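Commentary on secondary and tertiary structure
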Amino acid sequence: QVQLVESGGGLVQPGGSLRLSCAASGFTFSSYTMSWVRQAPGKELEWVSTIIGGGSTHYADSVKGRFTISRDNARNTLYLQMNSLKPEDTAVYHCAIDPWSDSRNWGQGTQVTVSS
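In this text, all values refer to a predicted model and were calculated from it rather than measured experimentally.

A separate point is the packing of aromatic side chains. Each aromatic ring pair is specified by the distance between its two centres and by the angle formed by the two planes. A complete count under the given rule lists two aromatic pairs for this structure. An angle of 90° between the planes, with centres 5.3 Å apart, marks the rings of Phe27 and Tyr32 as edge-to-face. On the basis of relative accessible area, Tyr32 is assigned to the partly exposed category, the value being 36%. Taken together, the aromatic side chains of Phe27, Phe29 and Tyr32 make up a single cluster linked through ring pairs.

Set out below in structure tokens:
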């Protein structure tokens, strides 16, 4: 069975940093394009970042320069390093097997709250 388990979320002050992890199992991780998406109450789903199996990356304009997506194919793990966090980054963050727009491809999510 395919499983995606996110961790690393929490409460952080504006300007702080967090690293999210996603442990993947049940499929050949290295063969798949992976993404991070986020959703906040009352807001539309937002795509955050994508990484191809070979390592090329893509970012939403709202996080470019602050967030870094990476993967360790040997450990079947996806990461999102988040720096210079802003209150508007507050959301539940999900890792996803592409196509990310299908919620059946998401993990359970981890809450990130940016507040002083």
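Picking up after the structure, the text goes on.
Taken in spatial order, the six strands make up an open sheet running E2-E10-E9-E4-E5-E6, and their pairing is mixed. Edge strands, defined here as strands with exactly one partner in the open sheet, are strand E2 (10-12) and strand E6 (57-59). For this sheet, the mean angle separating the axes of adjacent strands, direction not counted, is 25°. The pairing of strand E4 (residues 34-39) with strand E5 (residues 46-51) spans five bridges and is classified as antiparallel. Note on E5: the bridge partner recorded for Ser35 is Thr50.

What follows is about the pairing of strand E10 (residues 110-114). Successive side chains on a regular strand alternate, one facing one side of the sheet and the next facing the other. Because side chains alternate across E10, one face comprises the buried residues Thr110, Val112 and Val114, and the other comprises Gln111 and Thr113, none of which is buried. Bridging between strand E9 (residues 91-97) and E10 involves three bridges; their strand directions are antiparallel. Bridging from a neighbouring strand, Ala91 pairs with Val112 of E10.

Most peptide bonds are trans, and most residues other than glycine sit at a negative phi. Residue Pro99 is reached from Asp98 by a cis peptide bond, and omega for that bond is 10°. You can see Pro99 is positioned in the loop between E9 and E10. Of note in the backbone geometry, Asn76 takes a positive phi value of approximately 50° without being a glycine. Structurally, Asn76 can be placed in the loop between strand E7 (67-72) and strand E8 (77-82). We note that Ser84 has phi near 50°; this positive angle belongs to a residue other than glycine. You can see Ser84 is positioned in the loop between E8 and E9. A relative accessible area of 41% places Ser84 in the partly exposed class.

Position of Arg71 among the secondary structure elements: in strand E7. Using a relative accessible area of 15% as the deciding quantity, one classes Arg71 as buried. A C-alpha to C-alpha distance of 9.4 Å links Arg71 and Ser21, two positions 50 residues apart in sequence. With residues near it in sequence (within four places) discarded, Arg71 still touches Phe29, Ser30, Tyr32, Thr33, Met34, Ile51, Ile52, Gly53, Thr77, Leu78 and Tyr79. Within the local environment of Arg71, its side chain forms a polar contact with the backbone oxygen of Ile51, the two atoms lying 3.4 Å apart. Reaching out from Arg71, the side chain makes a polar contact with the side chain of Asn73 at a distance of 2.8 Å.

Rules used in this analysis
Residues numbered from 1 in each chain as written. Predicted model: local features only at pLDDT ≥ 70, side-chain atom pairs only at ≥ 80, totals over all residues. Heavy atoms only, no water. Phe/Tyr/Trp six-rings, centres within 6.5 Å; stacked < 30°, edge-to-face > 60°. Buried < 20%, exposed > 50% of the residue type's maximum accessible area, 1.4 Å probe, protein only. Pairing = 2+ DSSP bridges. Helix = DSSP H or I, 4+ residues; strand = E, 2+ residues; numbered from the N terminus. Axes fitted to C-alpha atoms, helices over the stretch in contact; angles between N-to-C directions. Contact = heavy atoms within 4.5 Å. Polar contact = N/O pair within 3.5 Å; in protein donor to acceptor, adjacent residues only side chain to side chain.

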